[in-house]
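# Summary of the model geometry
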Amino acid sequence: MEIILREDIQNLGHKNDIVKVKNGYGRNYLIPQGLAILATPGAKKVHAENLRQRAHKEEKIKNEALEVAKTLEGKSFTIGAKASSTGKIFGSVNTIQIAEALTKEGFSVERKNISMKEDAKELGTFNATVKLHREVKVDISIEVVAE
């Protein structure tokens, strides 16, 4: 079954992509949740016209994301956390705290666009990836210090 995605879905595709999925996944989950529409010939024509009209806007958004990526690249952000004397954190540093640290520095990033390769459960330096656009990703350094 072919569907047109209305939103970015991890491990499946980006918004406005035409993808093939199994019938049950499309009919029972994606379409009822409003995440996709059925890719009929008429819907494909409308989709193609919408893509042509959005091409210019997408280029402008991508250029803005590249500018933000240049300013973010190589930056290090410090996050304070309560820690024991051995260096273990009570809890962990997650994407919500990273998003708040970015917002304090003047960068507007949603927490769902931040991913960490490993959990920050100790004091130290960790890497996180910030997805600014579907084609623009930047790695930042997160330093976890004791409060």
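Let me sum up the structure you'll find in this document. This one's a predicted model, so the numbers in the text were calculated from it and none came from an experiment. All residue numbers refer to positions counted from 1 along the written sequence of the respective chain. Note on the predicted model: pLDDT of at least 70 is required for a residue's local features to be given, and 80 or more for side-chain atom pairs to be given and counted; whole-chain, interface and lining totals, by contrast, use all residues. Excluded from the side-chain calculation are hydrogens and water; included are all heavy atoms of the structure.

### Some words on the side chain of serine 141
Our working definition: Under the DSSP-based scheme used, a helix requires at least four consecutive residues in state H or I and a strand at least two consecutive residues in state E, with every element numbered from the N terminus. By definition in these notes, contact holds between two residues if any of their heavy atoms fall within 4.5 Å.
Residue position: serine 141 is located in strand β9 (residues 136-146). Sequence-distant contacts of serine 141, defined by excluding residues within four places in its chain, comprise Lys75, Ser76, Phe77, Thr125, Phe126 and Asn127.

### Concerning the packing of aromatic side chains
Let me state the cut-off plainly: The pairing test for Phe, Tyr and Trp rings, Trp by its six-membered ring, is centres within 6.5 Å, and the orientation test on the planes gives stacked under 30 degrees, edge-to-face over 60, and tilted for anything in between. Here the term buried applies to any residue with accessible area under 20% of the maximum for its type, exposed to any over 50%, and partly exposed to those in between, with areas from a 1.4 Å probe on protein chains only.
In the structure shown here, the tally under the stated rule is two aromatic pairs. Taking the centre distance of 5.8 Å and the plane angle of 10° together, the rings of tyrosine 25 and tyrosine 29 count as stacked. One end of the pair, tyrosine 25, and the other, tyrosine 29, are both in helix α1 (residues 23-30), four residues apart, so they sit about a helical turn from each other. On the basis of relative accessible area, tyrosine 25 is assigned to the partly exposed category, the value being 36%. Seen from their ring centres, phenylalanine 77 and phenylalanine 107 are 6.4 Å apart, and the 90° between their planes marks the pair as edge-to-face.

Everything listed here is a matter of coordinates, which is why it stays silent on function.
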